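What follows is the residue order along each chain.
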Amino acid sequence: NDMQGENVWPDDTSLSSGWQEAMEKFYADMIVVAEGLTKAFSSSYGKAEDHLSGYCKGGETVSLMRLFHYFPYQAADSKFPDAKDRIGSSAHTDWGLLTLILQEQGVTGLQFFHEDEWIDVPPIKDTLLVNCGDYFSLLTGGEYVSPLHRVVSEGEERMSGVLFYYPAYDAEIPLLVNREY
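(A) Structural detail: the sheet that holds strand β1 (residues 64–70). In spatial order, the strands read β1-β8-β3-β6; together these four strands make up an open sheet with antiparallel pairing. The two strands at the open ends of the sheet, each matched to only one other strand, are β1 and β6 (129–132). Across the sheet, the axes of successive neighbouring strands diverge by a mean angle of 20 degrees, strand direction being ignored. In the sheet, strand β3 (residues 98–103) pairs with strand β8 (residues 158–165) via six bridges, with the strands oriented antiparallel. Within the sheet, the bridge partner assigned to Q103 lies in β8 and is S160. Contacting β1, β3, β6 and β8, helix α1 (residues 19–44) crosses the sheet at an angle of about 130 degrees to β3.

(B) Examining the nonpolar core more closely. In this structure, L52, L97, L98, L100, F136, L163 and Y165 are the most contacted members of the largest nonpolar core, which totals 17 residues. Elements with a contribution of two residues or more to this core: α1, β3, α2 (134–139) and β8. With four residues, the single largest contributor to this core is α1. Excluding its chain neighbours within four sequence positions, the residues that come into contact with F136 are F41, L52, G96, L97, L98 and Y144. Membership of the second largest hydrophobic core comes to eleven residues, among which are I101, L110, F112 and V121.

(C) Inspection of the packing of aromatic side chains at higher detail. Under the defined criterion, the tally for this structure stands at nine aromatic pairs. Considering the side-chain rings of F41 and Y144, the 5.3 Å spacing of their centres and the 75 degrees angle between planes classify their relative orientation as edge-to-face. Placement of the pair is F41 in helix α1 and Y144 in the loop between α2 and β7 (149–152), with a sequence separation of 103 residues. For F41, a relative accessible area of 17% corresponds to the buried category. For the pair F136 and Y144, a centre-to-centre distance of 5.0 Å together with 85 degrees between the ring planes defines the contact as edge-to-face. Through a chain of ring-to-ring contacts, three or more aromatic side chains come together here, namely F41, Y45, F136 and Y144.

(D) Summary view of the environment of F68. Tracing the backbone through its elements, the reader meets F68 in strand β1. Sequence spacing of F68 and S160 is 92 residues, and the spatial spacing of their C-alpha atoms is 5.2 Å. For F68, the residues in contact, after removing those within four places along its chain, are R158, M159, S160, V162 and F164.

(E) Looking closely at the pairing of strand β5 (residues 117–120). Sheet topology places strand β4 (residues 110–114) next to β5; four bridges connect them, and they run antiparallel. Looking across to β5, one finds that H114 is bridged to E117. Between β4 and β5, which pair antiparallel in sequence order, lie two residues; one of them, E115, sits at a positive phi of approximately 50 degrees.

(F) Representation of a nonpolar patch on the surface. A contiguous nonpolar surface patch, about 250 Å² in accessible area, is contributed by V33, L102, L128 and V130. With respect to the helices and strands, L102 occurs in strand β3.

(G) Spotlight on the pattern of salt bridges. Going through the model one piece at a time under the given rule, you end up with two salt bridges. For D29, the salt bridge identified is with K25, shortest N-O distance 2.9 Å. Separated by four residues within a single helix, D29 and K25 lie in helix α1, roughly one turn from each other. Residue class for K25 comes out exposed when judged on its relative accessible area of 53%. Between D126 and K125 there is a salt bridge whose closest N-O contact spans 3.9 Å. Since its relative accessible area comes to 72%, D126 is described here as exposed. Residue classification places K125 among the exposed positions, given a relative accessible area of 57%.

Conventions and cut-offs
- Residues numbered from 1 in each chain as written.
- Predicted model: local features only at pLDDT ≥ 70, side-chain atom pairs only at ≥ 80, totals over all residues.
- Heavy atoms only, no water.
- Pairing = 2+ DSSP bridges.
- Helix = DSSP H or I, 4+ residues; strand = E, 2+ residues; numbered from the N terminus.
- Axes fitted to C-alpha atoms, helices over the stretch in contact; angles between N-to-C directions.
- Contact = heavy atoms within 4.5 Å.
- Core = buried A, V, L, I, M, F, W, Y, C linked by side-chain atoms within 4.5 Å.
- Buried < 20%, exposed > 50% of the residue type's maximum accessible area, 1.4 Å probe, protein only.
- Phe/Tyr/Trp six-rings, centres within 6.5 Å; stacked < 30°, edge-to-face > 60°.
- Patch = residues over 30% accessible without salt bridge, like charges linked within 9 Å, V, L, I, M, F, W, Y side chains within 5 Å.
- Areas by Shrake-Rupley, 256 points an atom, 1.4 Å probe, with all protein chains shown as cover.
- Salt bridge = Lys/Arg side-chain N within 4 Å of Asp/Glu carboxyl O.

So yeah, pure geometry; function would need other evidence.
Here it is as structure tokens:
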């Protein structure tokens, strides 16, 4: 289908040799983690271990990894003096199944909306942050909720590596009728 195809890699001679292979390995490793998480999460809410992974067979071909570079907020460049207005990524939920985030050590910017306030999510060394996406919420009947989150830009530049793990392109997601969340 048109949603699948070869990766297009930059033609940049300033990048060190082996960077493309390193990124491909990182992507493959993140897919393995996501596949393991689908088994654990399926079991966590009383389903067969392969319940969620059944929707994801082939999903690694439409899943994607993005490297985000958030530039530092500069007060002189902005009309907005409040931190809530220094947006690196506006408030949203992720529509996929799972999102795995590798945050830059020592630089906070990710925030979750909880009980009517934005809560900072500081990075923890050598850990991945896992977000449930909208499909995950649907497939669990609301047992897991896709969190509203954003990235604010503070005084430091910030990098993150994010895997958006999707169900397969042709996965049949069951219709949920009369559900309230």
